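The lines below spell out each chain.
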Amino acid sequence: MASSATTGIARRRATLRRVVIAALVIVCLAVFTGYFRESDDGPLHGAQSAAASVVAPVQEVATKAVEPFRDAWGWASGLRDARDRAARLEEEVEALRGLAVDNAVRDQRLAELERLLGVEAMLDAERKLGGYEPVTALVITRSISDWSRSARIAVGSSSGVVRNSPVVAGTGRGAALVGIVTNVSSGASDVAFITDGRTEVGATIPEAGAYPGLLESITPGQLRMTGIPREANVKPNQAVVTGSFSVKGLPSPYPPGIPVGLVTSVGAKEVDVERTVQVTPFVDARTLSYLAVLVPRSREAIARAAG
Amino acid sequence: MSTGTPTRAIGPATPRPPRSAARGSGLGWVLAMALGAVLLEVAVMPYVNVADGIPDLIAPMVVVVALLRGSLVGAVTGFGAGLLVELTSPVGTMGVLALLYLVIGAWCGRYCEREESTTLAAPLVLSVAAALVVQLGFLVFQLLLGNQMPASEFVAELLLPTLALTALLSPPVLLVGRRLLGAPRVIEPYTVGP
């Protein structure tokens, strides 16, 4: 009697366990199917944004609390490369000193020509980032998967951030493009880096004839530029900047002229009509604690972000 | 007069229960462990990287919970922790990690109350295997979405560093889990006793 009761309970327990697990599997399938089928304004994306807003303050505190440990880890892991970098940087400094003198002369001549041509107003707009206001933001978390190269920052719509706001970071060469805002809640925003597989950037190489190209991620940390014709005079170490042209029929959300990276290799086979250009970004965004969001303020910038 | 057998001069007459034995089902500790692991995974682990590998703390947490509390608690913990990670980290998916950790929890729970669950080696191996399952599952999902990564890059830059870091950081998680949850005990509906 007792044995049959025990067997009955065991059977009910096993059945219930299987039902619960099966129900959770179905919930998972339903959630990720719904997530990828709905638009960015759908309820599941909304729930993700709401959760981001709720946990952003907690993440901010946790991020600041562990910052010394992160810095210590970064210092320890960076120590290995420090000697090589120092030697390389010394060579670069020598080269840049020469370029700085050259640039000073060019700046002087450019200022004179601008006055002659009356284009000061346009350049003033460029100096103010063409209708954008930079908003500094703390990185509160990064993606835990390398498949999604993205981060969450501690500014959101309450600071004026909108979807498709460009994101930059300071480098020794000035500000460089890091990514774009893909999701915004009131107190936090998600940034997809330019090295993320989902991000494409319309770009150009001014020194090679300013042909319009498209930058996309190939391997972790590297970009490939497509659309550059064979006749373009592309060489390693040329700078790549954002272009103002549309990409695949859509207007580019990036203002023109933001530095993106350096050409690291160029290739073209006899039969190719385009060059294969590999680009290394100026910034490894995964190492940064702060980013600057370019919040669109002018009508043109807002229209660019709205797509 | 000595009898030759050692005697205890002081101390309790009856042995105390081990301090690690949790009272009740320990589900409160399971919740605390899940929240702690998610917080560490989201806020700290992305910065503890070697190449592109990031340690997976959720996998050992789910493994130890499943080994000590059975399939049902393991599966629910895996589901909840995975979903929480997807809600709080800009990982770009929802429901995928929840499904992968759910499967791990349900699978590892089969070893609960078996001899393996009381050792350290078996949970460690299971943790690394769980991290491998998560990485491969995520790879398959990304391929289905049309995202690509060269196989050599995936193995050398992402998979191997992730598994190595997970193996390094799993023992503390497993030890904390055993300390908080105590002896292995299957918790399911109709469970009788404390």
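It should be emphasised that the depicted structure is a prediction, and the values quoted were computed from it without experimental measurement.

J.: Is there a simple way to explain the overall build of chain B in this structure?
T.: Of regular secondary structure, chain B possesses five helices and zero strands. The secondary structure elements of chain B, listed N-terminal to C-terminal, are α-α-α-α-α. Across the 194 residues in chain B, those meeting the buried criterion constitute 54%. Of all intrachain contacts in chain B linking residues separated by at least 6 positions in sequence, the fraction that spans at least 24 positions is 79%.

J.: Explanation requested: the interface of chain B and chain A in the structure shown.
T.: Frequently, the measure chosen for interface size is the accessible area removed from exposure when the parts meet. Between chain B and chain A, the contact holds 40 residues from the first and 38 residues from the second. Sorting the residues of the side of chain B that touches chain A by element identifies α1 (27-43), α2 (58-88), α3 (96-108), α4 (121-145) and α5 (151-181) of chain B as the ones contributing at least two each. Per-class residue counts for the side of chain B that touches chain A are 27 nonpolar, eight polar and five charged.

J.: So what exactly am I meant to see when it comes to the pairing of strand β1 (residues 132-142) of chain A here?
T.: If a strand is regular, its side chains alternate between the two faces of the sheet. Residue and element names in this part refer to chain A. Here β1 pairs with strand β12 (residues 290-296) via seven bridges, running antiparallel. In the sheet register, Thr 136 faces β12, and the bridge partner there is Ala 292. With three bridges connecting them, β1 and strand β2 (residues 150-153) associate as antiparallel partners. Bridge assignment links Val 139 to a residue of β2, and that residue is Ile 153.

J.: Could you clarify how one ought to interpret the sheet that holds strand β10 (residues 259-267) of chain A in this entry?
T.: Strands in a sheet are paired, the pairing made by backbone hydrogen bonds, and the direction either parallel or antiparallel. Residue and element names in this part refer to chain A. Read around the closed barrel, the six strands follow the order β6-β7-β8-β11-β10-β9; overall the barrel is antiparallel. For this sheet, the mean inter-axis angle between neighbouring strands, taken without regard to orientation, is 45°. Pairing of strand β6 (residues 200-204) with strand β7 (residues 212-217), which is carried by five bridges, proceeds in the antiparallel orientation. Opposite Gly 202, over in β7, you have Leu 214 as the bridge partner.

J.: Explain the packing of helix α2 (residues 43-65) of chain A against α1(B) here, please?
T.: The packing of two helices is summarised by the inter-axis angle and the distance between the axes. It is the contact of α2(A) with α1(B), at a shortest axis distance of 10 Å, that shows an interaxial angle of 70°. Classified by the angle between their axes, α2(A) and α1(B) sit roughly perpendicular to one another. When the axes of α2(A) and α1(B) are compared, the crossing they make is right-handed. Contacts between α2(A) and α1(B) pair Gln59(A), Ala62(A) and Thr63(A) from the former with Leu39(B), Val42(B) and Ala43(B) from the latter. Class assignment of the residues belonging to the contact of α2(A) with α1(B) gives a composition of four nonpolar, two polar and no charged.

J.: Got a minute to help me understand α3(B) in this structure?
T.: For the α-helix, the turn length of 3.6 residues means that residues three or four positions removed from each other point alike. Over its 13 residues, α3(B) extends 19 Å from the first C-alpha to the last, a length consistent with the 18 Å expected when each residue adds 1.5 Å. Within α3(B), 13 of the 13 residues are buried, leaving the element largely enclosed by the surrounding structure.

J.: Teacher, can you tell me more about the packing of α1(B) against α2(B) here?
T.: Residue and element names in this part refer to chain B. Following both chains from N to C, one finds α1 and α2 inclined at 45°, their axes separated by 9 Å at the closest point. Here α2 runs oblique to α1, going by the angle between their axes. In the packing of α1 onto α2, the handedness of the crossing is right-handed. Between α1, through Val 30, Met 33, Ala 34, Ala 37, Val 38, Glu 41 and Val 42, and α2, the contact on the second element is made entirely by Ile 58, Met 61, Val 65, Arg 69, Val 73, Thr 77, Gly 80, Ala 81, Leu 84, Val 85 and Thr 88. Its residues placed into classes, the contact of α1 with α2 shows 13 nonpolar, three polar and two charged.

J.: Would you mind going over the confidence of the model for chain B with me for this structure?
T.: Parts of the prediction with low pLDDT should not have their coordinates interpreted in detail. Residue and element names in this part refer to chain B. Taken residue by residue, chain B gives an average pLDDT of 82. The fraction at 70 or more is 82%. Within the model, the stretch residues 1-13 combines pLDDT values under 50 with zero contacts to residues more than four positions away or in other chains. Low pLDDT, under 50, characterises residues 15-21; the stretch is placed with five contacts to residues that sit more than four places away or in other chains.

J.: Sorry if this is basic, but what is going on with the nonpolar core here?
T.: A general feature of soluble globular proteins is that nonpolar side chains tend to end up buried together. Counting 73 residues, the largest nonpolar core has Met61(B) and Val62(B) as the members making the most contacts within it. When residues of this core are traced back to their parent elements, those giving at least two are α1 (2-37) of chain A together with α1, α2, α3, α4 and α5 of chain B. Here this core takes 20 residues from α2(B), the largest share from any one element. Non-local contacts of Met61(B), meaning those with residues more than four positions away in its chain, are made with Met33(B), Ala34(B), Ala37(B), Ala81(B), Val173(B) and Gly177(B).

J.: It is not clear to me how the sheet that holds strand β5 (residues 189-193) of chain A should be interpreted in this structure. Could you clarify?
T.: Residue and element names in this part refer to chain A. Reading around the barrel, the six strands line up as β1-β2-β5-β4-β3-β12 and close back on themselves, with antiparallel pairing between neighbours. Averaged over all neighbouring strand pairs, the angle between strand axes comes to 45°, with direction disregarded. Pairing of strand β3 (residues 166-171) with strand β4 (residues 174-184) involves six bridges; the strand directions are antiparallel. Looking at β4, one finds that Thr 171 is bridged to Gly 174.

Here is what the cut-offs are and how they apply
- Residues numbered from 1 in each chain as written.
- Chains lettered and ligands numbered in written order.
- Predicted model: local features only at pLDDT ≥ 70, side-chain atom pairs only at ≥ 80, totals over all residues.
- Helix = DSSP H or I, 4+ residues; strand = E, 2+ residues; numbered from the N terminus.
- Buried ≥ 20, exposed ≤ 12 C-beta atoms within 10 Å, placed from the backbone.
- Contact = placed C-beta atoms within 7 Å.
- Nonpolar A, V, L, I, M, F, W, Y, C, P; charged D, E, K, R; others polar.
- Pairing = 2+ DSSP bridges.
- Axes fitted to C-alpha atoms, helices over the stretch in contact; angles between N-to-C directions.
- Parallel < 35°, antiparallel > 145°, perpendicular 65-115°, else oblique.
- Left-handed = near helix turned anticlockwise from the far one by under 90°.
- Expected span 1.5 Å × (residues − 1).
- pLDDT = per-residue confidence, 0-100.
- Core = buried A, V, L, I, M, F, W, Y, C linked by C-beta atoms within 7 Å.

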